[in-house]
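# Breakdown of the fold
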Amino acid sequence: MGACAFDLAHYRELLESAQAGAYRWAGFDHEPGAGDLFLRHDVDLSLEAALATAELENELGARATYFLMTESRFYNLDSSAGRDAIRELRDLGHAVGLHAVYPNGKLDERFDPVIAWHNPDPEYMSKPVDGAVNVMQAPWFTKGHYRSDSNAHWREGCPHDELAAGAFEWLQLLVHPEIWVYEGSTMREAMESMLDAKRQEWVEALIDDRIDMA
Ligand SMILES: [Zn+2]
Ligand SMILES: [Zn+2]
């Protein structure tokens, strides 16, 4: 096992560790049971990054839940690229939930009835939501059964060894695709790589929009 880099090579190792530990890819349609691994992706910044991790997971037979925003400043789920991304995530075998900005938790037919609040404040983070599972409510969010890579930092350590050893009875694992797909050893570096990629995507979008870029 290599060092715990935030890159796709180690992301593959992380998924393989979960398989070595005989975890089952679980969705938020049922309460946690022994052996469940709830692989959760909050997609804050880039649908392209989400599709990259989704394809890798599909290749390895892993299944995740992708939480997508309808109020993002960084992508538009109502664009053709946004609609294509939802379809591709579903086609790759993943679930799609809503990454909502509090208090706007309005679900529609694009989403399974599951919500993850974006940057939640403690007052409402774990409050139940009408008609949907809030991923940060009990029993899905339970001390000792949660790991997150927020800002390219595992507060409690990268879980690959513990997953391979089957050390968690069950786990909710939050992974932000942008951190792993875009290169860099710090959050700042990964974001600079993402901005470079987005510039190229936007040039293509301008050309698609019949802007003369000659
Ligand atoms: Zn690791
Ligand atoms: Zn978020």
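Residues numbered from 1 in each chain as written. Chains lettered and ligands numbered in written order. Predicted model: local features only at pLDDT ≥ 70, side-chain atom pairs only at ≥ 80, totals over all residues. Heavy atoms only, no water.

## A word on the overall build of the protein
For the record, the criterion: In DSSP terms, a helix is any run of H or I states spanning at least four residues, a strand is any run of E spanning at least two, and both are numbered starting from the N terminus. Here the radius of gyration uses the C-alpha set of atoms, whereas the globule reference equals 2.2 Å times the residue count to the power 0.38. Surface exposure here means Shrake-Rupley accessible area, sampled with a 1.4 Å probe, where a residue is shielded only by the protein chains that are shown. Positive residues here are Lys and Arg, negative ones are Asp and Glu, while His and the chain termini are left out of the count. Positions of charges follow a simple convention, taking NZ of Lys, CZ of Arg, CG of Asp or CD of Glu.
A tally of helices and strands in the protein yields 7 helices and 8 strands. Taking 214 residues into account, the globule formula puts the C-alpha radius of gyration at 17 Å, and the protein, at 17 Å, falls close to it. Approximately 11100 Å² of the protein is accessible, and the part contributed by carbon and sulfur atoms is 50%. If the 18 positive side-chain charges of the protein are averaged to one point and the 38 negative ones to another, these points end up 4 Å apart.

## Points about the environment of His 160
Within the secondary structure layout, His 160 lies in helix H5 (residues 160–164). For the pair His 160 and Leu 206, spaced 46 residues apart in the sequence, the C-alpha separation amounts to 41 Å.

## Comments concerning helix H7 (residues 187–208)
Heads up, the rule is: The span expected for a helix works out to 1.5 Å for each residue beyond the first. Type-normalised accessible area, obtained with a 1.4 Å probe on protein chains alone, sets the label of each residue: buried when under 20%, exposed when over 50%, and partly exposed for intermediate values. Note on contacts: a residue pair is in contact if any heavy atoms of the two residues lie within 4.5 Å.
Across its 22 residues, H7 extends 31 Å between first and last C-alpha, which sits within 8% of the 32 Å expected from 1.5 Å per residue. Considered for burial, the residues of H7 that qualify are Ala 190, Met 191, Met 194, Lys 198 and Val 203. Close packing links the buried residues of H7 with helix H6 (177–181).

## Describing the environment of Val 133
Along the polypeptide, Val 133 turns up in strand S6 (residues 133–134). Val 133 gets classed as buried once you look at its relative accessible area, which sits at 15%. In this structure, the C-alpha to C-alpha distance between Val 133 and Asp 208, residues 75 residues apart in sequence, is 38 Å. Val 133 has contacts with Phe 28, Pro 113, Val 114, Ile 115 and Trp 140, leaving out every residue within four places of it along the chain.

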